[in-house]
Amino acid sequence: MSLPSYVANAEGQYIDSLYQAYISNPESVDDSWARFFEGFEFALSQNGTSKSVAPDMVLKELRVYSLIEGYRKRGHLLSTTNPIRKRRDRHAKLELADKNLSEDDLNTPFTAGKAIDMEGATLAQIVDRLQKLYVGNMGIEYKHIREADEMEWVRQKFESRDVEYGFSIDKKKRILDKLNQAVVFEKFLGTKYVGQKRFSLEGGENTITALDAAIAMAGEMGMHEAVIGMAHRGRLNVLANILGKTYEYIFGEFEGNISIETPMGDGDVKYHLGFNSIIKTPSGNELNLHLTPNPSHLEAVNPVVLGYCRAKQDALHDSNPDKVLPILLHGDSAVAGQGVVYEIVQMSQLSGYKTGGTIHFITNNQVGFTTNFEDARSSTYSSSIGKIVNAPVLHVNGDDAEAVVYAMEFAVEYRQKFHKDVWIDMVCYRRHGHNESDEPRFTQPSFYALIAKHPDPREVYSNFLISRGQIEAKLAKEMEDAFKQLLQDRLNDVKQKSIPYTPQPLEKEWYKLMQGNDGRMNKVDTAVSRENLDKVIKALVKYPKEIDPISKVKKLLKDRKERYENDNLDWGLGEMLAYGTLLLDGFNVRISGQDVVRGTFSHRHACLFDQKTEKPYNSLNFIEDNQPGALKIYNSHLSEFGVLGFEYGYSMVSPFNLVIWEAQFGDFANGAQVMIDQFITSAESKWQRMSCLVMLLPHGYEGEGPEHSNARPERYLQLAAENNIIVANVTSPGNYFHLLRRQMIWNFRKPLVVFTPKSLLRHPRAVSAVSELESGHFQELIHQPAKKADAVKRVLFCSGKIYYELLEKKENDKRDDVVIVRIEQLYPYPEEEVEEVFDMYKNADFMWVQEEPKNMGAWTFLLRYDVNLRMKLISRKASASPATGFKKIHFKEQAEIINKAFEI
């Protein structure tokens with residue numbers, strides 16, 4: 001039984017005053033309160049022996065109801081979740097006096113007890129039950145949940161539980177066994193590898209019992225996979241004791257026994273590496289486990305995990321969220337401080353990004369590096385962000401192993417039932433400093449004095465079981481000794497031989513592809529038959545009877561048809577033809593970003609919308625019956641970091657998905673710079689993980705100011721090395737068509753960064769013939785040789801839309817002594833083709849022309865290859881800002897660049 005929200009949220013004194021007013025004059029209070037008081041009196045009279053109830057008794061019953069609701073809403077503020085020190089007074093206001101009750105009422109029976117299935121119980125019995133439910137080692141926040149069925153399920157589940165959990169002896173032994181593994185593993189590493197960083201889990205070892213419980217529950221509920229994302233703290237413990245990475249392998253990483261003969265890029269530290277395994281759960285079901293690799297940037301891995309999960313659900317489980325469980329492990333300071341957490345929480349129920357709910361588990365050390373929690377957040381809890389999407393939050397004492405296990409089982413069951421996020425805040429401690437060589441007593445001396453005296457979670461639980469007579473002390477000691485011996489045996493093996501590096505298996509599909517950075521950026525045929533092009537254009541210009549788009553869209557479809565028939569493909573049509581032909585080849589295409597369905601500049605129109613119902617129609621999914629590939633396109637929320645990370649994670653699952661993220665404007669991508677630096681451009685070198693992710697970054701100077709002109713190509717080019725990414729700035733729809741198709745046709749996968757145009761989307765000369773799609777391949781460099789090479793006095797190298805301005809000037813001035821060369825792919829740099837141009841024009845000087853300021857754009861990158869400075873630069877002056885905010889100055893600067901290019 002639960003009170004209406006307006007009653008539950010009211011304070012006792014306020015209810016008193018309202019009821020007194022109601023007794024005097026029922027019409028003097030709001031109708032909702034009048035109906036409540038009337039119904040309440042009736043209920044009491046039906047449960048009593050008389051037809052009427054004294055007003056003072058009704059008032060006390062109301063106060064007891066208010067007390068019960070108070071515990072439900074604020075009991076977590078009193079819960080004993082801190083294993084080290086007494087909690088701060090958070091002013092829960094749950095004393096009897098706070099509800100205008102007193103000790104004189106303790107022996108009085110109250111009908112209000114029915115709310116917690118204790119009808120007729122005395123106030124003392126009701127309070128005792130409430131204390132056990134809400135003020136023990138586990139607290140809960142759920143009264144903020146807006147869906148009535150969800151809130152009621154949580155209430156019933158939580159209030160009907162056995163407060164001592166009622167676990168079987170076998171289950172208790174399993175919990176103790178996992179704690180043995182977790183605690184002894186850390187102590188063993190700390191003893192054998194003194195001074196080495198391992199970012200131990202000591203103090204938070206019940207993280208292992210929680211994960212073990214989640215995996216067991218997942219197996220029991222028929223899940224097939226679980227994907228875990230976490231930072232470095234406790235990672236080695238999770239790898240060993242959850243995913244089953246062999247102790248030999250982990251010890252080998254400490255010993256440094258990795259074969260340098262096996263090519264593996266630059267590698268990464270041991271506490272950043274990922275791992276895949278298949279384990280058998282207690283129910284007998286097998287579960288695929290994936291721990292994704294991550295950098296030191298806390299919480300950055302979160303969207304990657306979610307994208308990875310969504311791709312798994314889509315590709316392997318027919319988009320069924322019940323089969324793949326995302327689990328994110330957070331630190332208390334990071335989860336409160338890193339903005340990407342907010343981004344992923346807001347993504348959790350969006351159609352393009354939802355994964356059926358995520359388990360968020362906070363290993364709450366109560367300190368971040370050296371920063372106390374009161375300096376790390378303004379909210380009461382680090383988990384408070386979960387409440388913005390009405391997720392339940394459980395707070396649990398990190399020393400209470402059974403409470404932790406119950407909380408995790410509760411979370412998994414809630415997630416499976418409602419397909420929404422759920423949060424667990426496990427309050428524990430960090431036995432050492434930020435790393436094992438750090439001294440935490442510099443900044444938290446009193447806190448660490450308490451920690452030094454505190455027994456570890458294994459000892460706490462072992463003593464608890466022994467005190468209950470549930471296991472013998474001898475058995476607990478034998479379990480600990482057996483595990484220590486196992487570790488020592490494995491270590492002895494490691495010291496006897498060097499272990500060659502063996503990569504963990506990736507998805508089988510990736511085995512078909514080449515990997516590495518050996519310079520094999522070969523040209524590949526990306527042409528398409530006219531038959532397939534005809535099929536795609538037919539789909540692009542039709543729609544079913546039940547869809548009635550607005551007249552402007554109908555005209556757009558007519559223009560599409562005419563452009564195709566007239567051999568005059570614009571940018572948007574070339575792009576859509578690339579996607580459609582890839583779908584016919586059996587690849588899938590996924591596109592997301594801000595406003596991508598229509599396109600920021602109204603060039604794409606991937607979906608048509610009925611003008612009355614707004615029902616969408618995705619024409620590329622209806623090219624032919626039973627077509628092998630599908631297009632999925634989603635407008636994202638206003639996020640760069642979270643959404644780009646999600647798409648990167650999605651791209652890691654299958655090499656047959658062309659995954660595209662488009663920025664609204666190219667420079668907005670700097671909001672996701674961590675994802676670009678730590679994952680997209682370096683993951684293959686660090687973790688041997690390929691990706692086919694495409695980043696579309698609108699770029700070009702049209703006088704729109706500093707924030708809408710420059711996609712910062714210099715940043716991507718600075719990151720480019722060892723063939724890690726493709727960086728392109730193409731000038732024609734046909735070449736763009738081949739570039740997109742090349743991503744899938746190649747026998748390897750690389751991230752692609754494209755500086756896409758804005759003004760060229762409708763430029764009359766930025767068009768292509770259909771025949772250009774029927775033959776050939778992507779052109780890294782486009783050069784129309786001069787008829788008389790000896791007569792050429794200047795060669796202008798450029799990239800992107802400035803080509804058309806140079807071309808117009810060349811043609812208007814009839815400058816046959818000037819040749820324009822377009823570098824369509826900036827990286828890998830087409831060095832051989834560029835050298836051919838140098839060799840062809842012996843009498844010419846060479847210029848690199850760019851719109852960007854001198855300190856931006858491709859210029860400094862080109863100096864890597866033009867070490868003899870054969871090219872000179874024509875550009876805007878070096879500038880702190882990417883572009884002027886004044887149109888007149890923009891046009892003046894642009895004209896100066898174009899004119900200077902032809903001044904010989």
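Our structure is the block above this text.
Reading the values: rules and limits
- Residues numbered from 1 in each chain as written.
- Predicted model: local features only at pLDDT ≥ 70, side-chain atom pairs only at ≥ 80, totals over all residues.
- Heavy atoms only, no water.
- Helix = DSSP H or I, 4+ residues; strand = E, 2+ residues; numbered from the N terminus.
- Buried < 20%, exposed > 50% of the residue type's maximum accessible area, 1.4 Å probe, protein only.
- Areas by Shrake-Rupley, 256 points an atom, 1.4 Å probe, with all protein chains shown as cover.
- Lys, Arg positive; Asp, Glu negative; His and termini not counted.
- Charge placed at Lys NZ, Arg CZ, Asp CG, Glu CD.
- Polar contact = N/O pair within 3.5 Å; in protein donor to acceptor, adjacent residues only side chain to side chain.
- Pairing = 2+ DSSP bridges.
- Axes fitted to C-alpha atoms, helices over the stretch in contact; angles between N-to-C directions.
- Contact = heavy atoms within 4.5 Å.
- Phe/Tyr/Trp six-rings, centres within 6.5 Å; stacked < 30°, edge-to-face > 60°.
- Lys NZ or Arg CZ within 6 Å of the ring centre and 35° of its normal.
- Salt bridge = Lys/Arg side-chain N within 4 Å of Asp/Glu carboxyl O.
- 1 Å grid on protein atoms, 1.4 Å probe; cavity = no way out; pocket = protein on both sides within 12 Å on 5 of 7 lines; lining within 4 Å.
- Points joined across faces, edges and corners; volume = space filled by probe spheres on them.
- Nonpolar A, V, L, I, M, F, W, Y, C, P; charged D, E, K, R; others polar.

A.B. asks: Please clarify how the overall build of the protein should be interpreted in this entry.
C.D. replies: The secondary structure content of the protein amounts to 30 helices and 24 strands. Across its three principal directions, the C-alpha atoms of the protein cover 110 × 80 × 55 Å. Among the 904 residues that make up the protein, the fraction classed as buried is 59%. Entry remark: accessible area of the protein is about 36900 Å², with carbon and sulfur atoms responsible for 49%. When the 111 positive and 123 negative side-chain charges of the protein are each reduced to one mean point, those points stand 2 Å apart.

A.B. asks: Would you mind going over the environment of E684 with me for this structure?
C.D. replies: Within the secondary structure, E684 is located in helix α23 (residues 683-687). For E684, a relative accessible area of 15% gives the class buried. C-alpha of E684 to C-alpha of N723: the two residues are 39 residues apart in sequence and 10.0 Å apart in space. Looking at E684, its side chain comes within polar contact range of the side chain of K750, at 2.8 Å.

A.B. asks: Just checking my understanding: could you explain the sheet that holds strand β24 (residues 871-876) for this structure?
C.D. replies: Pairing is mixed in the open sheet, where five strands are placed in the order β19-β21-β20-β23-β24. On the outer flanks of this sheet lie β19 (781-783) and β24, each paired with one strand and no other. Ignoring which end each strand starts from, the neighbouring axes of this sheet average 25° apart. One ladder, built from five bridges, connects strand β20 (residues 794-798) with strand β21 (residues 818-823); its direction is parallel. Residue R794 lies in a different strand from β21, and its bridge partner there is V818. Helix α30 (residues 887-901) rests against β20, β23 (845-853) and β24 of the sheet, and its axis sits at about 160° to β24.

A.B. asks: Teacher, can you tell me more about the packing of aromatic side chains here?
C.D. replies: The way to describe two aromatic rings as a pair is by their centre distance and the angle between their planes. Considering all chains together, one arrives at 29 aromatic pairs under this definition. Measuring from ring centre to ring centre gives 5.6 Å for F447 and Y448, while their planes differ by 75°; the resulting arrangement is edge-to-face. No difference in accessibility class separates F447 from Y448, as the two residues are buried. Ring geometry for Y803 versus Y804: centroids 5.0 Å apart, planes at 70°, classification edge-to-face. Residue class for Y803 comes out buried when judged on its relative accessible area of 10%. An aromatic cluster is built from W153, Y165, F167, Y406, F410, Y414 and F418, whose rings are joined through pairwise contacts. The residue whose ring lies beneath R590 is Y650, and the NZ or CZ to ring-centre distance is 4.6 Å. A cation over an aromatic ring shows up here: R822 above the ring of Y803, its NZ or CZ 3.9 Å from the ring centre.

A.B. asks: Got a minute to help me understand the pattern of salt bridges in this structure?
C.D. replies: Any two side chains of opposite charge can pair, given that their charged atoms come close. Evaluated as defined, the whole model comprises 47 salt bridges. Between E409 and K171 there is a salt bridge; the shortest N-O distance is 2.5 Å. With a gap of 238 residues between them, E409 in helix α14 (residues 401-418) and K171 in helix α7 (residues 169-192) connect regions that are remote in the sequence. Between E439 and R441 there is a salt bridge, and its shortest N-O distance comes to 3.0 Å. Assessed through its relative accessible area of 26%, E439 is described here as partly exposed. The class of R441 is exposed, set by a relative accessible area of 52%.

A.B. asks: Can you walk me through empty space enclosed by the protein in this structure?
C.D. replies: Leftover empty space is mapped by rolling, across the atoms, a probe with the size of a water molecule. Under the definition given, this model contains eight cavities of 30 Å³ or more. If you tally residues by element for the lining of the largest cavity, the top one is β23, at five residues. Classifying every residue of the lining of the largest cavity gives nine nonpolar, seven polar and three charged.

A.B. asks: Just to check I follow, could you spell out the sheet that holds strand β3 (residues 275-280) for this structure?
C.D. replies: Sheet strands line up and pair through hydrogen bonds in the backbone, either parallel or antiparallel. Strand order in the open sheet made by the eight strands is β1-β9-β10-β6-β5-β2-β4-β3, with mixed pairing throughout. Across the chains shown, the open sheet's two edge strands, defined by having one partner strand only, are β1 (138-141) and β3. Geometrically, the sheet is characterised by an average inter-axis angle of 20° between neighbouring strands, direction not taken into account. Pairing analysis gives six bridges linking β3 to strand β4 (residues 286-291), with the strands arranged antiparallel. Across the sheet, I278 pairs through a bridge with N288, a residue of β4. Strands in contact with helix α8 (residues 206-220) are β3, β4, β5 (324-331), β6 (359-364) and β10 (422-427); relative to β5, the strand with the most contacts, it is inclined by about 170°.

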